[in-house]
Amino acid sequence: MHTFSHTCIGHSHLQSGRPCQDASFAGTIGDFHLAIVSDGHGGKDYTRSDIGSQLAVECATAIFQEVFTSEHLYAPDYCDLRPETFKNLPFCVETHDLFSDNHNLPKDVERGIHMIQEGIVGSWKRKVRAHAEQHPLSPAELKSATVYDSLCGPSKDIYVERLYGCTLVIALVCKDFWLLMQIGDGRCVAFRTLPDQLVYEPLPVDHKCFLNKTTSLCDSDYLSIFHYCIGGQSTIPYAILLGTDGIENSWGTDDKLYNFYIDLLKKCDSSSPEELIEELQTALPLLSRVGSHDDMSIAGIVNADILRQQVPALLSYQIEQRRAQLEEIETRRAELQQKIKHLQEYFDSIDIERLMRDLQNMQSDLEQRTKEQQHIKKKLDDLLSYQSS
């Protein structure tokens, strides 16, 4: 199993002197493979989101390491969460949050996911507050972090986490199961050997993320907006790629985004890990310059053996996509040619000289009517003046 990650500062950040607000991680912890991306918010109130995204990646990595390499999470008296909790899932379930009723997840698995989410956010908030204590807030930051009430105005509560706001996308794969978690925007694209899931997105769409609006680790209701996907051994994708919205927004359509990821997988198959990172170091800055101008992070978990077998299927998928695009373009070309033909026939049927004569006659008539109007208005004014005298 191969893992990789890379973060690139955005073109607009380079021009403005802003720091990179993205962070990423990929690696193997014991028998578990982990990939994480985080995107710090870019608004003026999120002055420390570059630190927030770094802390989010660190906290998520530490929590999963603690969960899956030790007997207990945090302390023996806290819970009895073990890796075995997630094993033997013969299905794949996706849901927006832990409080929905559209799944039949075993209670211990649901409880385990709940506790991992609480562990990540709780750890992140503690680290954020510790950082804020070590690096006191400026007056402007203090104003941004002040809690406002629509009726009472500013309160005494300071919402430090807001300054560090960021998104988080996580993928974990082991031999028995796989788990995805997400809060905020960004995309997770997976690849399986099934024809109808050759390339797909396992995580449900978060409709609260729209345009430049996103949910965040700094939201108070994080548990209800932390959505996930979990599945057993038979449903594990052979490749999972995570990307922040800087990558997504550079392509415009899902097909173009998927094609980018397929090209990346082909590069992964044909190159060494070092060559793959070198490719990303070259490609992502260029993509940011011609695309979204935003920071970019990508992280992946790839089963290299299965990928090698699936490269022909990925090539076939791309070929079919290109054929479909050509067919769509040809259909559009035929429609345009037909419209052009109708316009040409219409113009050919028009006597331009006659129309010009008619236009000149109408303009002359309009000028004559205007003169008559002015003459009659003067007569009317004279009559009104005589009447009033």
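Residues numbered from 1 in each chain as written. Predicted model: local features only at pLDDT ≥ 70, side-chain atom pairs only at ≥ 80, totals over all residues. Heavy atoms only, no water.

1. Let's talk about the environment of tyrosine 258
Part 1 of the argument: Position of tyrosine 258 among the secondary structure elements: in helix α7 (residues 254-270).
Part 2 of the argument: When the C-alpha atoms of tyrosine 258 and valine 189 are compared, they prove to be 7.7 Å apart, with 69 residues separating the residues in sequence.
Part 3 of the argument: For tyrosine 258, the residues in contact, after removing those within four places along its chain, are Arg187, Val189, Val199, Glu201 and Tyr317. (Helix = DSSP H or I, 4+ residues; strand = E, 2+ residues; numbered from the N terminus. Contact = heavy atoms within 4.5 Å.)

2. A look at helix α8 (residues 273-290)
Part 1 of the argument: Between its first and last C-alpha, α8 extends 26 Å over 18 residues, near the 26 Å set by a 1.5 Å rise per residue.
Part 2 of the argument: Buried within α8 we find Leu276, Leu280, Leu284, Leu287 and Ser288.
Part 3 of the argument: Turning to α8, the residues buried within the fold contact β1 (2-8), α1 (11-16), α6 (245-251), α7 and β12 (296-302). (Expected span 1.5 Å × (residues − 1). Buried < 20%, exposed > 50% of the residue type's maximum accessible area, 1.4 Å probe, protein only.)

3. A short note on the side chain of glutamine 182
Part 1 of the argument: Mapped onto the fold, glutamine 182 is located in strand β8 (residues 177-183).
Part 2 of the argument: A polar atom in the side chain of glutamine 182 sits 3.0 Å from the backbone oxygen of glycine 184.
Part 3 of the argument: Filtering out sequence-adjacent residues up to four positions away, glutamine 182 remains in contact with Leu168, Val169, Arg187, Leu203, Ile225, Phe226 and His227. (Polar contact = N/O pair within 3.5 Å; in protein donor to acceptor, adjacent residues only side chain to side chain.)

4. Observations concerning the pairing of strand β10 (residues 227-232)
Part 1 of the argument: Among the six residues in β10, six count as buried, and that is most of the element.
Part 2 of the argument: Alternating positions in β10 separate into two faces, His227, Cys229 and Gly231 on one and Tyr228, Ile230 and Gly232 on the other, with burial throughout.
Part 3 of the argument: By the bridge criterion, six bridges tie β8 to β10 in an arrangement that is antiparallel. From the neighbouring strand, glutamine 182 faces β10, where its bridge partner is histidine 227. (Pairing = 2+ DSSP bridges.)

5. Looking at the packing of α7 against helix α9 (residues 304-348)
Part 1 of the argument: Remark: α7 packs on α9, axes separated minimally by 10 Å, with the N-to-C direction vectors making an angle of 150°. Taken as axis vectors, α7 and α9 run roughly antiparallel relative to one another. The crossing of α7 and α9 is left-handed. Seen from α7, the contacting residues are Asp255, Tyr258, Asn259, Ile262, Asp263, Leu265, Lys266, Cys268 and Asp269; seen from α9, they are Leu307, Arg308, Val311, Leu314, Leu315, Tyr317, Gln318, Gln321 and Arg322.
Part 2 of the argument: Of the residues that constitute the contact of α7 with α9, the class distribution is nine nonpolar, three polar and six charged. (Axes fitted to C-alpha atoms, helices over the stretch in contact; angles between N-to-C directions. Parallel < 35°, antiparallel > 145°, perpendicular 65-115°, else oblique. Left-handed = near helix turned anticlockwise from the far one by under 90°. Nonpolar A, V, L, I, M, F, W, Y, C, P; charged D, E, K, R; others polar.)

6. Observations regarding the pattern of salt bridges
Part 1 of the argument: This model, assessed by the stated rule, comprises 17 salt bridges.
Part 2 of the argument: Between glutamate 141 and arginine 48 there is a salt bridge; the shortest N-O distance is 3.0 Å. In this pair, glutamate 141 sits in helix α4 (residues 139-145) while arginine 48 sits in the loop between β3 (32-39) and α2 (49-69), placing the two residues 93 residues apart along the sequence.
Part 3 of the argument: Using a relative accessible area of 8% as the deciding quantity, one classes arginine 48 as buried.
Part 4 of the argument: Taking the shortest distance from any N to any O, the salt bridge between arginine 187 and aspartate 254 comes out at 2.6 Å. Residue arginine 187 is located in strand β9 (residues 187-191), and its partner aspartate 254 is located in helix α7; the two are separated by 67 residues in the primary sequence.
Part 5 of the argument: By relative accessible area, arginine 187 is classed as buried at 12%.
Part 6 of the argument: On the basis of relative accessibility, which here comes to 39%, the residue aspartate 254 falls in the partly exposed class. (Salt bridge = Lys/Arg side-chain N within 4 Å of Asp/Glu carboxyl O.)

Taken by themselves, the reported measurements are silent on function.
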